[in-house]
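Architecture and fold: a report
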Amino acid sequence: MKVEEAKKLVKPHLTTARYEHTLRVAETAVQLAQRYAYEGSIEKVALAAIFHDYAKYRPLDEMKRWITESFLPKDLLDYHHELWHGPVGSILIDREYGINDPEIREAIYYHTTGRANMGKLEMIVFLADYIEPGRNFPGLDEVREMAQQDLVKACWMVSRNNIDYLMKQEATIYPDTFHAYNDLTRHNGGNTHDKK
Ligand code: DGI
Ligand code: FE
Ligand code: FE
């Protein structure tokens, strides 16, 4: 699928603000892919980013049905519905448009939580979603700076900031969110608390 066609397909499913976020994530993701010499095509990077929030505004009962009736893990239903749009979106783009590239699917599926052993395209979309120029989170400057230097370390910062934010909200935290943090921490050489 061509990038321009993907944009046209996604647009009616999103609000204007969300569509503009999506375009900025795509631009940011392409820049990261170039910086970190992603081996796949730039078109794949753009498609993963353009579709990453595709399911964001699906009715909750429809997303619930996809989780119940597909291979998606049922424990998603025990967590906040914000966690559903990635996994459900990854299924919808296959069912509706025949996009079944595993790297694209995983980048969309895990873009909210991350997970252990993320691939390069997954990390690129995960990071681009957080640092795109329209975002304004506390600590974002530090992450944007690190994004120019070290993809894994920048993703680690995103993961750490997410958990920090969620704990301050006293929110429940999905296991993959922790798995991402632990895995990225190990890839960063760990911390003195990890060492005996
Ligand atoms: O869809 P976006 O707004 O572009 O961004 P996103 O998909 O990264 O995040 C959507 C929301 O999900 C965001 O407000 C933070 C939240 N979130 C991420 N991980 C967890 C989570 N919420 C809960 N309750 N638990 C998590 O593990
Ligand atoms: Fe999202
Ligand atoms: Fe997003």
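**A short note on the site of ligand 1**
The environment of ligand 1 is formed by 17 residues, the closest being Arg18, Lys56, Thr112, Arg135 and Tyr174. Contact between ligand 1 and His111: an oxygen atom at 3.1 Å from a side-chain N or O atom of the residue. Between ligand 1 and Arg135, the relevant distance is 2.8 Å, taken from an oxygen atom to a side-chain nitrogen or oxygen of the residue. For ligand 1, the protein covers 82% of the area, taking 570 Å² as the surface of the free molecule.

**Let's talk about the coordination of the iron ion (ligand 2)**
Here the iron ion (ligand 2) is held by the protein donor atoms Asp53 (OD), His85 (NE2) and His111 (NE2), which lie 2.1 to 2.2 Å from it. Donor residues binding the iron ion (ligand 2) come from one chain and are separated in sequence as D-x31-H-x25-H. For His85, a relative accessible area of 4% corresponds to the buried category.

**Examining the packing of helix α3 (residues 42–50) against helix α6 (residues 102–109)**
The relative placement of two packed helices comes down to the angle between their axes together with the axis-to-axis distance. The contact between α3 and α6 brings their axes to 9 Å, and the two run at 35°. Judged by the twist between their axes, the crossing of α3 over α6 is right-handed. Contact residues: Lys44, Leu47 and Ala48 in α3; Glu103, Ile104, Ala107 and Ile108 in α6. Here the contact of α3 with α6 is built from residues that sort into five nonpolar, no polar and two charged.

Definitions and limits used
- Residues numbered from 1 in each chain as written.
- Chains lettered and ligands numbered in written order.
- Predicted model: local features only at pLDDT ≥ 70, side-chain atom pairs only at ≥ 80, totals over all residues.
- Heavy atoms only, no water.
- Near = heavy atom within 4 Å.
- Polar contact = N/O pair within 3.5 Å; in protein donor to acceptor, adjacent residues only side chain to side chain.
- Areas by Shrake-Rupley, 256 points an atom, 1.4 Å probe, with all protein chains shown as cover.
- Donors = N, O, S within 2.8 Å, 3.2 Å for Na, K, Ca; no water.
- Buried < 20%, exposed > 50% of the residue type's maximum accessible area, 1.4 Å probe, protein only.
- Axes fitted to C-alpha atoms, helices over the stretch in contact; angles between N-to-C directions.
- Helix = DSSP H or I, 4+ residues; strand = E, 2+ residues; numbered from the N terminus.
- Left-handed = near helix turned anticlockwise from the far one by under 90°.
- Contact = heavy atoms within 4.5 Å.
- Nonpolar A, V, L, I, M, F, W, Y, C, P; charged D, E, K, R; others polar.

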